[in-house]
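Summary of structural features
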Amino acid sequence: KDAVNGAGEAMRRSAAAAIEYKKAQQDLDDAVFKATVTQEKYKNQIAELLLQSKNRTLSEQERIELIDKALEIEQKAFNERKAIADQELSIAQGAIITKNNLTDEEIDNLKRLGVEYAISLKERKSVTDEQVQALADAQAKQLQLEGESISLREKALNRRDQLEDAANEKALKRAEDQRKAT
């Protein structure tokens, strides 16, 4: 009788997990649809602000403020892209977890070690190459997003530093000119 109850409980948990997985996938799809347009808007706003920051008729401080605004938008865009990438990773992990009845220890290892652990599960569970590939793609996407954001921030911060240096040089020159005038 206990074995029947245990099997029934496992089936109920499996069905609930499948429903949760399907809902998560639908939520992810909706988020991707929205983000497609929003991310392009962010890219255009950032590009426009960085272009404006090259306007030499503006003071260095005004140009720095434009770069800072671009960096704020980049951070917001990154956070939104990262949330989607995190959802994709969670779904890829969920597919492996629910379809292979992983133990709590196996779940922790999968989340901590990622693809490396998923590959080792192929030998003990019925984890498929497709599931491992989905997990690898999700992890790679997270790393790619971080790299893209770092690259853009580095360029913007380098430009910001150049403008600060130019502003400091002008201030020193003005102070020197005032000192000479007195």
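Preceding block: the structure.
1. Quick word on the overall build of the protein chain
- A tally of regular secondary structure across the protein chain gives five helices and zero strands.
- Secondary structure elements in the protein chain, listed N-terminal to C-terminal, are α-α-α-α-α.
- Taking 182 residues into account, the globule formula puts the C-alpha radius of gyration at 16 Å, and the protein chain, at 26 Å, lies well above it.
- Based on the C-alpha atoms only, the size of the protein chain along its principal axes is roughly 100 × 30 × 25 Å.
- In the protein chain, which comprises 182 residues, the share counted as buried stands at 29%.
- Taking contacts inside the protein chain between residues at least 6 apart in sequence as the whole, the part at least 24 apart equals 67%.
- Between the mean site of the 31 positive side-chain charges and the mean site of the 35 negative ones, the protein chain shows a separation of 3 Å.

2. Here's the deal with the pattern of salt bridges
- Throughout the structure, instances matching the rule amount to 13 salt bridges.
- Between Asp129 and Lys122 there is a salt bridge, with the nearest N and O atoms lying 2.3 Å from each other.
- Here Glu176 and Arg179 are joined by a salt bridge, their closest N and O atoms 2.4 Å apart. Of this pair, Glu176 and Arg179 both sit in helix H5 (residues 129–181), three residues apart, which is roughly one turn of the helix.
- Where salt bridges share partners, they join Asp68, Arg160 and Glu164 into one cluster.

3. Some points on the environment of Thr57
- Residue position: Thr57 is located in the loop between helix H1 (2–52) and helix H2 (60–99).
- Within the local environment of Thr57, its side chain forms a polar contact with the side chain of Asn55, the two groups lying 2.5 Å apart.

4. A few points about the packing of H2 against helix H3 (residues 104–113)
- In the contact formed by H2 and H3, the axes pass within 11 Å of each other and the chain directions differ by 155 degrees. Taken as axis vectors, H2 and H3 run roughly antiparallel relative to one another. Handedness of the crossing formed by H2 with H3: right-handed. Side by side, H2 and H3 meet where Gln93, Ile96 and Ile97 of the first sit next to Ile107, Leu110 and Lys111 of the second.
- A per-class count over the contact of H2 with H3 returns four nonpolar, one polar and one charged.

5. Here we look at the packing of H2 against H5
- Taken N-terminus to C-terminus, the directions of H2 and H5 make an angle of 170 degrees; their axes are 9 Å apart at the nearest point. The angle between H2 and H5 places the two elements in the roughly antiparallel class.
- A per-class count over the contact of H2 with H5 returns 19 nonpolar, six polar and 16 charged.

6. Observations regarding the side chain of Glu60
- As for its position among the elements, Glu60 is in helix H2.
- The contact partners of Glu60, leaving out residues within four places of it in the chain, are Leu163, Ala166, Ala167 and Lys170.

What counts, and at which threshold
- Residues numbered from 1 in each chain as written.
- Predicted model: local features only at pLDDT ≥ 70, side-chain atom pairs only at ≥ 80, totals over all residues.
- Heavy atoms only, no water.
- Helix = DSSP H or I, 4+ residues; strand = E, 2+ residues; numbered from the N terminus.
- Rg over C-alpha atoms; globule rule 2.2 N^0.38 Å.
- Buried < 20%, exposed > 50% of the residue type's maximum accessible area, 1.4 Å probe, protein only.
- Contact = heavy atoms within 4.5 Å.
- Lys, Arg positive; Asp, Glu negative; His and termini not counted.
- Charge placed at Lys NZ, Arg CZ, Asp CG, Glu CD.
- Salt bridge = Lys/Arg side-chain N within 4 Å of Asp/Glu carboxyl O.
- Polar contact = N/O pair within 3.5 Å; in protein donor to acceptor, adjacent residues only side chain to side chain.
- Axes fitted to C-alpha atoms, helices over the stretch in contact; angles between N-to-C directions.
- Parallel < 35°, antiparallel > 145°, perpendicular 65-115°, else oblique.
- Left-handed = near helix turned anticlockwise from the far one by under 90°.
- Nonpolar A, V, L, I, M, F, W, Y, C, P; charged D, E, K, R; others polar.

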